[in-house]
Amino acid sequence: MSTRPFELADSPLLVAEGIFAAEIVEECRNQGLLAGAYALRRPRGATFLRRLTRDLAEQRKGPAVLLRRGVTLLRAEPAVLRRQTGLGAQPARGRDVLRRVAGLLAAGHPPAH
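About the thresholds
- Every chain is numbered independently, its residues counted from 1 as its sequence is written.
- Two thresholds apply to this predicted model, a pLDDT of at least 70 for residue-level local features and 80 or more for giving and counting side-chain atom pairs, whereas whole-chain, interface and lining totals are computed over all residues.
- Only hydrogens and water are set aside; all other atoms, that is, all heavy atoms of the structure, feed into the side-chain values.
- Only buried residues count toward a nonpolar core, which is a set of Ala, Val, Leu, Ile, Met, Phe, Trp, Tyr and Cys residues joined through side-chain atoms within 4.5 Å.
- When a residue's accessible area, from a 1.4 Å probe over protein chains only, is under 20% of the maximum for its type it is buried; when over 50% it is exposed; and in between it is partly exposed.
- Contact definition: two residues touch when any of their heavy atoms are within 4.5 Å.
- Each salt bridge in this description consists of a side-chain nitrogen of Lys or Arg and a carboxyl oxygen of Asp or Glu lying within 4 Å of one another.
- In this text, helices come from DSSP runs of H or I with a minimum length of four residues, and strands from runs of E with a minimum of two, each type numbered from the N-terminal end.
- Multiplying one less than the number of residues by 1.5 Å gives the expected span of a helix.
- Think of the arc as the fan of directions from the helix axis to the C-beta atoms.
- Each patch is built from salt-bridge-free residues with over 30% relative accessible area, joining like charges within 9 Å and nonpolar side chains (Val, Leu, Ile, Met, Phe, Trp, Tyr) within 5 Å.
- Computed by Shrake-Rupley with a 1.4 Å probe, the accessible areas treat only the displayed protein chains as cover when residues are assessed.
- When charges are counted, neither His nor the chain ends are considered; positive counts come from Lys and Arg and negative counts from Asp and Glu.
- Helix axes use the C-alpha atoms of the stretch in contact, all axes being lines fitted to C-alpha atoms, and the angles between their N-to-C directions lie in the range 0 to 180 degrees.
- Put simply, angles under 35 degrees are roughly parallel, angles over 145 are roughly antiparallel, angles from 65 to 115 are roughly perpendicular, and the rest are oblique.
- Put simply, a crossing is left-handed when the front helix is turned counterclockwise from the back one by less than a right angle, and right-handed when it is turned clockwise.
- Lys, Arg, Asp and Glu make up the charged group, whereas Ala, Val, Leu, Ile, Met, Phe, Trp, Tyr, Cys and Pro make up the nonpolar group; the residues left over, Gly among them, are polar.

Engineer: Please set out the nonpolar core residue by residue, giving values where relevant.
Structural biologist: Soluble globular proteins tend to bury their nonpolar side chains together. Counting 5 residues, the largest nonpolar core is built from Ala22, Val25, Ala37, Ala39 and Ala89. The contacts of Ala37, once residues within four sequence positions are left out, are Val25, Gly88, Ala89 and Gln90.

Rendered as structure tokens:
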């Protein structure tokens, strides 16, 4: 894995999202920067349909390829969630994450500069 510097400047909050966001959980915790780390649990069928709709609209690959890829990702999703939680993220639903972040901000965490 490669690394590169990342500057937050005066920002009081960093939100990292995406399949690789859990990769930085341990380092953020070690640096005292971690307020929370969440791996989104969504209905797999809904994720499959959203992804397929997006990919078909982008027309980067043929429908048969996108369908096969979507099914492969659908089947792999539980393993992805296990990996993310193994890296320190908590499994959570999107609405729960939004509530937790709103609560942190309302409580003044992270502190404003």
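Don't stop here, the text continues.
Engineer: Could you give me a rundown of the pattern of salt bridges, with the residues and numbers involved?
Structural biologist: With the rule as written, the count across this model stands at 5 salt bridges. Between Arg54 and Asp55 there is a salt bridge whose closest N-O contact spans 2.9 Å. For Arg54, a relative accessible area of 43% gives the class partly exposed. The closest approach of N and O atoms between Arg99 and Asp96, which form a salt bridge, is 3.1 Å.

Engineer: If you had to explain helix α2 (residues 44-58) to someone new, which residues and values would you point to?
Structural biologist: The end-to-end C-alpha distance of α2, which contains 15 residues, comes to 21 Å, matching closely the 21 Å that a straight helix rising 1.5 Å per residue would cover. Among all positions of α2, only Thr47, Phe48, Arg51, Leu52 and Asp55 are buried. The buried side chains of α2 occupy one side of the element, clustering within an arc of 125° when seen end-on. Of the residues in α2, the exposed ones pointing more than 90 degrees away from the buried face are Leu49, Thr53 and Ala57.

Engineer: Describe in detail a nonpolar patch on the surface, supporting the description with residues and values.
Structural biologist: Taken together, the side chains of Phe6, Leu14 and Ile24 define a hydrophobic patch exposed on the protein surface, amounting to about 290 Å² of accessible area. Inspection of the secondary structure assignment puts Ile24 in the segment before α1 (25-30).

Engineer: Lay out the side chain of Glu77 with the relevant residues and their values.
Structural biologist: Within the element layout of this structure, Glu77 appears in helix α3 (residues 63-86). For Glu77, which is buried and forms no salt bridge, the nearest opposite charge comes from Arg51, at a distance of 4.7 Å. Aside from chain neighbours lying at most four places away, what touches Glu77 is Arg42, Arg44 and Thr47.

Engineer: Tell me about unusual backbone geometry, and name the residues and values.
Structural biologist: Despite not being glycine, Gln59 has its phi angle at roughly 50°, a positive value. If you trace the backbone, Gln59 turns up in the loop between α2 and α3.

Engineer: For the packing of α2 against α3, give the residues involved together with the corresponding values.
Structural biologist: The packing of two helices is summarised by the inter-axis angle and the distance between the axes. Their axes nearest at 10 Å, the elements α2 and α3 cross at an angle of 150°. Comparing their axes, α3 and α2 come out roughly antiparallel. Of the two possible hands of crossing, α2 and α3 adopt the one that is right-handed. Note on element contacts: α3 touches α2 through Pro63, Leu66, Leu67, Arg69, Gly70, Val71, Leu73, Leu74, Arg75, Glu77 and Pro78, opposite Arg44, Gly45, Thr47, Phe48, Arg51, Leu52, Asp55 and Leu56. For the contact of α2 with α3, the residue count by class is 10 nonpolar, 3 polar and 6 charged.

Engineer: Describe helix α4 (residues 94-106), and please don't skip the residues or the numbers.
Structural biologist: When the terminal C-alpha atoms of α4 are compared, their 18 Å separation across 13 residues agrees well with the 18 Å that a helix rising 1.5 Å per residue should span. Trailing α4 by a residue or two, Gly108 shows a phi angle of about 85°, which is positive.

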